[in-house]
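Tertiary structure, described
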Amino acid sequence: MLHSSFINFLFLLLQRHRVKHAAVFVIATTIVSLFSSVMFLSGALQKDIAITLDDQADFIVQKIRGGKVVDAPADWAQDFSGIEGVRAALPRVYGQYFYEPNGTYFTVVGVDLFDTQVSRNLEKLVAGLNIKEFMAGNNMIIGSGVQKFLADLRYTDSFVFKTPDQGSIEVSIFAALASDSDLVSNDLVVMEIDLARQVLGLDSGMATDIILYVPNELEGDSVMVKIIQKHFDLRVIQKKEIATAYKNLFNYKGGVFLLLFMVVLVTFVLILYQRYSMITGSDRREIGILRSVGWSIKDVITLKVSESLVVALGAFLLGVTLAYGFVFFLHAPLLGAVFFGFANLPVDFSLTRSIDLRMISLLFLFFMVPFTSAVLVPVWRIAIIDPVEAMK
Amino acid sequence: MTRLSRVYLAILVTLVAAFTAVVVDGTTTVQTSSLSLVAAVTRLPGPSLSVSYFEPRIRHYQDYSSTFFPGMQPLNTMDFVYAP
């Protein structure tokens, strides 16, 4: 059936009914591109977050008082490092610094620059960074979102932090992180651990929480029991819980869009069914002529279904391509705000370009099968019309 | 083959080529190493979401001391069912 005269006739029909197909094509492309955008955003975020989780500690120990997280003594780290199976236990100092005039906050992180692994990674991250110079004074390295925010307020060299004890500390902006790491560093302010304690109002010898590295997964459960037995006011968070929390979050947001997509798709299929069920006089004549010149019902159905398939395939290919450009090259304006939020510093993340072939295949099936099915029944109804009757 | 068919075929081939380019680009792009470097320095997980001050920056560290969550809730929290 797929010989050149059939193809010529198929495209001739498409050209003849171009207005009718154009409307379907535009709506179908919009539906596919909207859902693909959500899928790309959600997938790329999950993939990028997975990378950051690889470097995370296996356990986080928080001190809880009355259901609230409070500062933990830093020397708990030494206490926990004695547990068999724990490779390292380290205190962590971090928190949010609220900038009252704008209602904005930064995430202040204190790093131990005597830790060779941290200083080495920091040197790799900021080209030409001299750790000794950085440690010599009150210095900080800021994310590009914070840099833009401070530059707008004319803080180009330093920023004065107001401390919870009614004091203030001027901290020099030593360097800014490159924007390619914005996904994790947009609101970051990295400084020496004791300086971070002063900015966040932590007493000397205190930490926000304690992290533990347990290389052997099999020892995880027994290590957790031993941690809990050490103190009675602990909350232990496992790395896999954090991974699940983020997975749930993005699957949830993606799932809401999937539900909307299903509703829109069903509506669209119903509209298609209605549209193709309306048999006009010209449709009847067209089919009558085809049947009179020897076309079988099967041939007519093949022609009509092929007509719809070309429109659906074109809409699918264009929709996915447009969505890819929208998410990874235009950074998903408006839609990105749903996933990244818009309550603090403006975000303009560039996500790592990735495509999940399983999801694309699923979308292809979910789109093409209902589309074709919606057309099949009305087309069959037209095709079985008696040619003599049709040409009357 | 008529001129019209050639035009339509050219459009279809262009779309297939663009889609193939998207698939190839999406499956071969390597993730930037700076993400893992930042995570290794800060030892903090999670993206730098632009969430409200009262929402946890790192979602799983929330301690329920704040009940102001304008964002969508995971299905396994009662906030999702009853709304805060």
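These notes cover the structure that comes with them. (Residues numbered from 1 in each chain as written. Chains lettered and ligands numbered in written order. Predicted model: local features only at pLDDT ≥ 70, side-chain atom pairs only at ≥ 80, totals over all residues. Heavy atoms only, no water.)

Here's the deal with the overall build of chain B
Stated formally: Strands are runs of DSSP state E lasting at least 2 residues, helices are runs of H or I lasting at least 4, and numbering of each runs from the N terminus. Any residue under 20% of the maximum accessible area for its type is buried, any over 50% is exposed, and the rest in between are partly exposed; the area is computed with a 1.4 Å probe on protein chains only. Surface exposure here means Shrake-Rupley accessible area, sampled with a 1.4 Å probe, where a residue is shielded only by the protein chains that are shown.
If you tally the helices and strands in chain B, you get three helices and zero strands. Listed by position from the N terminus, the elements making up chain B come as α-α-α. With 84 residues in all, chain B has 44% of them scored as buried. Carbon together with sulfur atoms contributes 67% to the accessible area of chain B, which is approximately 4,400 Å² in total.

Considerations on the overall build of chain A
Definition in use: Using C-alpha atoms as the atom set, the radius of gyration is obtained and then compared with a globule rule of 2.2 Å times the number of residues to the power 0.38. In what follows, residue pairs with any heavy atoms lying within 4.5 Å of each other are defined as contacts. The convention is simple: Lys and Arg are positive, Asp and Glu are negative, and His and the chain ends are not counted. Charged groups are reduced to one reference atom each: NZ for lysine, CZ for arginine, CG for aspartic acid, CD for glutamic acid.
Counting its regular elements, chain A contains 15 helices and 12 strands. Compactness check: chain A gives a C-alpha radius of gyration of 31 Å against a globular reference of 21 Å for 392 residues, more than 25% above the reference. Expressed along its principal axes, the backbone C-alpha trace of chain A runs to roughly 95 × 50 × 35 Å. Within the span of chain A, comprising 392 residues, buried residues form 50% of the whole. Here the contacts in chain A between residues at least 6 apart in sequence split such that 80% fall between residues at least 24 apart. Across chain A, the mean location of the 33 positive side-chain charges is 14 Å away from that of the 37 negative side-chain charges.

Examining the pattern of salt bridges
All names here are of chain A. Cut-off, in case you're wondering: What makes a salt bridge here is a side-chain nitrogen of Lys or Arg within 4 Å of a carboxyl oxygen of Asp or Glu, nothing more.
Taken as a whole, this structure holds 10 salt bridges over all chains when the rule is applied. Across the salt bridge formed by Asp 233 and Arg 65, the nearest N and O atoms sit 3.1 Å from each other. Of this pair, Asp 233 sits in the loop between helix H9 (220-230) and strand S12 (234-238) while Arg 65 sits in strand S1 (residues 59-65); the two residues are 168 residues apart in sequence, bridging distant segments of the chain. Given the relative accessible area of 16%, Asp 233 is considered buried. Take Arg 65: its relative accessible area is 49%, and that puts it in the partly exposed class. Within the structure, one salt-bridge network assembled from shared partners comprises Arg 16, Glu 286, Lys 304 and Glu 307.

A short note on the interface of chain A and chain B
Interfaces are often sized by the accessible area lost when the parts come together. Basically, it comes down to this: In short, buried area is how much 1.4 Å probe accessible area vanishes from two parts on joining, totalled over both. Contacts described as polar in this section are N or O atom pairs within 3.5 Å, which, within protein, must combine one atom able to donate a hydrogen with one able to accept it, while residues neighboring in sequence count only if both atoms come from side chains.
Facing the 83 residues of chain A at the interface are 53 residues of chain B. Taken together, both faces of the contact between chain A and chain B bury some 6,300 Å²; the carbon and sulfur share is 67%. If you sort the residues of chain A by the area they bury against chain B, Phe 11, Tyr 246 and Tyr 252 of chain A come out on top, with a joint share of 11%. At the junction of chain A with chain B, the criterion picks out two salt bridges. Linking chain A to chain B there are 19 residue pairs in polar contact (both at pLDDT 80 or more).

Let's talk about the pairing of S1 of chain A
Residue and element names in this part refer to chain A. Selection criterion: Two strands pair if DSSP finds at least two bridges between them.
Most of S1 is tucked away: five of the seven residues are buried. Here S1 pairs with strand S11 (residues 209-213) via three bridges, running antiparallel. Residue pairing for S11: Phe 59 is matched across the bridge by Leu 212. Pairing analysis gives five bridges linking S1 to S12, with the strands arranged antiparallel. Note that in S12 the partner of Lys 63 across the bridge is Leu 234.

Here we look at a nonpolar patch on the surface
Formally: Exposure above 30% relative accessible area and the lack of any salt bridge qualify a residue for a patch; like charges then connect within 9 Å, and the nonpolar side chains Val, Leu, Ile, Met, Phe, Trp and Tyr within 5 Å.
The grouping of Met 359, Leu 362, Leu 365, Phe 366 and Val 369 of chain A at the surface amounts to a nonpolar patch, some 430 Å² of accessible area in total. Locating Leu 365 of chain A in the fold gives a position in helix H14 (residues 357-383).

What to know about H9 of chain A
All names here are of chain A. For clarity, the threshold we go by: Summarising the geometry, the arc corresponds to the directions from the helix axis toward the C-beta atoms.
Considered for burial, the residues of H9 that qualify are Gly 220, Val 223, Met 224 and Ile 227. The buried residues of H9 occupy an angular sector of 100° when projected down its axis, which confines them to one face. Turned more than 90 degrees away from the buried face of H9 sit Asp 221 and Gln 229, all of them exposed. The inward-facing, buried residues of H9 abut S1, helix H3 (76-81), S11 and S12.

Let's talk about the environment of Ala 178 of chain A
The topology assignment puts Ala 178 of chain A in the loop between strand S8 (168-176) and helix H7 (182-185). Given the relative accessible area of 43%, Ala 178 of chain A is considered partly exposed.

Points about helix H1 (residues 4-16) of chain A
The condition that has to hold: Expected span of a helix, by definition, is 1.5 Å for each gap between consecutive residues, and there is one gap fewer than residues.
Compared with the 18 Å implied by 1.5 Å per residue over 13 residues, the 18 Å span of H1 of chain A between its first and last C-alpha is a close match. Those residues of H1 of chain A that fall on the buried side of the exposure criterion are Phe 6, Ile 7, Asn 8, Leu 10, Phe 11, Leu 13 and Leu 14 of chain A.

Some details on the pairing of strand S9 (residues 188-192) of chain A
Residue and element names in this part refer to chain A. Among the five residues that make up S9, five are buried, leaving the element largely enclosed by the rest of the structure. Relative to S9, strand S5 (residues 104-111) runs parallel, the two sharing five bridges. In the strand pairing of S9, Val 111 is matched with Glu 192. By the bridge criterion, three bridges tie strand S6 (residues 139-142) to S9 in an arrangement that is antiparallel.

Function cannot be inferred from these measures alone, as they are strictly geometric.
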